[in-house]
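The residues making up each chain are set out below.
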Amino acid sequence: MSVMSKLMAAVYDPVMAATEEACLGEWRSVLLDQAEGEVLEIGSGTGVNAPYYHADKVVFTEPEAPMRHKLEAKFEGLDLPYDWTVEPIDAQQLPFETDRFDAVVATLVLCTIPDPAAALAEARRVLKPGGKLIFLEHVAAEEGSDRLKWQKRIEPIWKVCAGNCHLTRDTEATIREAGFEIDDLKRESMRKAIPFVRPTIRGIATNR
Ligand SMILES: C[S@@+](CC[C@H](N)C(=O)[O-])C[C@H]1O[C@@H](n2cnc3c(N)ncnc32)[C@H](O)[C@@H]1O
């Protein structure tokens, strides 16, 4: 268990609090309201999404032990109105059968997973035909912008300090390349966040 991983788990909720209040909480609520049936969440972190679900069952997955322990401690105090489990799973290799889930949820995680294309291929495999990928991700700024230049400069050190979080990923393209059809896509600035993580995309994609 690395020191960085423990540090991330300790500071994640306090560091994100102002952004959750300013925008993320509302975005999570609207998106996760659309997660029905049996849901798989990848990279659940400290379990911030848990209060927003109205699904039948949610399988929360998180490979990093410190994050997972935070999540488990938080869930002890919550009376969640759905069935749930917590599993120590890497999103790039899901130990679930094909066509199992009604929805897969990825929030602020495709920036961090070493191979997001592999994770999306796995998400697609375990989703039923017509199942939904629900996503909320921070992404690369607009091509040619000063913000993108800064993201590129800062990314090498940011990745080391922030648990392999990348600043310049074109996650919309990666979702499409994985074979999903994006039905609904919003681009918005993540208010109260550090400027170079502000550009976000969120929406629903279908496994057709
Ligand atoms: C920035 S946190 C986001 C947590 C949460 N999803 C949220 O919305 O607040 C990114 C999470 O992705 C997890 N992660 C990193 N590599 C992963 C992988 N290969 N598979 C699944 N999750 C991973 C990290 O441990 C971390 O908890």
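Residues numbered from 1 in each chain as written. Predicted model: local features only at pLDDT ≥ 70, side-chain atom pairs only at ≥ 80, totals over all residues. Heavy atoms only, no water.

Caption draft 1: View of a nonpolar patch on the surface. A cluster of nonpolar side chains, namely Met4, Leu7, Val11 and Val15, defines an oily patch on the protein surface of about 320 Å² accessible area. The topology assignment puts Met4 in helix 1 (residues 3-32). (Patch = residues over 30% accessible without salt bridge, like charges linked within 9 Å, V, L, I, M, F, W, Y side chains within 5 Å. Areas by Shrake-Rupley, 256 points an atom, 1.4 Å probe, with all protein chains shown as cover. Salt bridge = Lys/Arg side-chain N within 4 Å of Asp/Glu carboxyl O. Helix = DSSP H or I, 4+ residues; strand = E, 2+ residues; numbered from the N terminus.)

Caption draft 2: Just the site of the ligand, in detail. In the vicinity of the ligand, 19 residues are found, and the nearest of them are Tyr12, Arg28, Gly43, Glu62 and Thr107. Within the contact set of the ligand, an oxygen atom lies 2.7 Å away from a side-chain nitrogen or oxygen of Tyr12. Protein chains shield 91% of the accessible area of the ligand, which is 600 Å² for the free molecule. (Near = heavy atom within 4 Å. Polar contact = N/O pair within 3.5 Å; in protein donor to acceptor, adjacent residues only side chain to side chain.)

Caption draft 3: Inspection of the sheet that holds strand 5 (residues 127-138) at higher detail. Taken together, seven strands build an open sheet; the order of strands is 3-2-1-4-5-7-6 and the sheet is mixed. Each edge of the open sheet carries a strand with a single partner, namely strand 3 (83-87) and strand 6 (181-189). Sheet twist, expressed as the mean angle between neighbouring strand axes with direction ignored, is 15°. Across five bridges, strand 2 (residues 57-61) lies against strand 3 in parallel orientation. Paired with Lys57 across the strands is Asp83, a residue of strand 3. Of the strands in this sheet, strand 2 and strand 3 touch helix 2 (residues 65-76), which is tilted by about 155° from strand 3. Where helix 3 (residues 116-126) meets the sheet, its contacts fall on strand 1 (38-42), strand 4 (101-107) and strand 5, and the angle it forms with strand 5 comes to roughly 145°. (Pairing = 2+ DSSP bridges. Axes fitted to C-alpha atoms, helices over the stretch in contact; angles between N-to-C directions. Contact = heavy atoms within 4.5 Å.)

Caption draft 4: Region of interest: the pattern of salt bridges. Within this structure, the stated rule accounts for 14 salt bridges. Across the pair Glu38 and Arg100 runs a salt bridge, and its minimum N-O distance is 2.7 Å. On the criterion of sequence distance, the pair formed by Glu38 in strand 1 and Arg100 in the loop between strand 3 and strand 4 is long-range, its members being 62 residues apart. Taking relative accessible area as the criterion, Glu38 reaches 18% and is therefore assigned buried. Two residues, Arg100 and Glu97, come together in a salt bridge whose shortest N-O distance is 3.8 Å. For Glu97, a relative accessible area of 48% puts it in the partly exposed group. Three or more residues joined by partner-sharing salt bridges are found here, namely Glu38, Glu97 and Arg100. (Buried < 20%, exposed > 50% of the residue type's maximum accessible area, 1.4 Å probe, protein only.)

Caption draft 5: Structural context of a negative patch on the surface. Together, Asp33, Glu36, Asp56 and Asp83 line one region of the surface with negative charge. Residue placement: Asp83 occurs in strand 3. Asp83 gets classed as exposed once you look at its relative accessible area, which sits at 52%. (Lys, Arg positive; Asp, Glu negative; His and termini not counted. Charge placed at Lys NZ, Arg CZ, Asp CG, Glu CD.)

Caption draft 6: A look at the packing of aromatic side chains. Evaluation of the coordinates by the stated rule reveals six aromatic pairs. With centroids separated by 5.0 Å and ring planes inclined at 75°, the aromatic side chains of Phe60 and Phe75 adopt a geometry described as edge-to-face. Separated by 15 residues along the polypeptide, Phe60 in strand 2 and Phe75 in helix 2 bring together distant segments of the chain. Note on Phe60: relative accessible area 0%, which makes it buried. Between Phe96 and Phe101, the aromatic rings sit 5.2 Å apart at their centres with planes inclined by 85°, giving edge-to-face as the arrangement. With a relative accessible area of 10%, Phe96 lands in the buried category. By relative accessible area, Phe101 is classed as buried at 0%. Connected via pairs of aromatic rings, a cluster forms that spans Tyr53, Phe60, Phe75, Tyr82 and Trp84. In this structure, Arg153 is placed above the aromatic ring of Trp150, and the distance from its NZ or CZ to the ring centre is 4.8 Å. (Phe/Tyr/Trp six-rings, centres within 6.5 Å; stacked < 30°, edge-to-face > 60°. Lys NZ or Arg CZ within 6 Å of the ring centre and 35° of its normal.)

Caption draft 7: Focus on the state of the cysteines. Enumeration over the complete set of coordinates arrives at zero disulfides. For the unlinked cysteine Cys111, the closest cysteine sulfur is that of Cys165, found at 4.0 Å. We classify Cys111 as buried; its relative accessible area is 3%. (Disulfide = S-S within 2.5 Å.)

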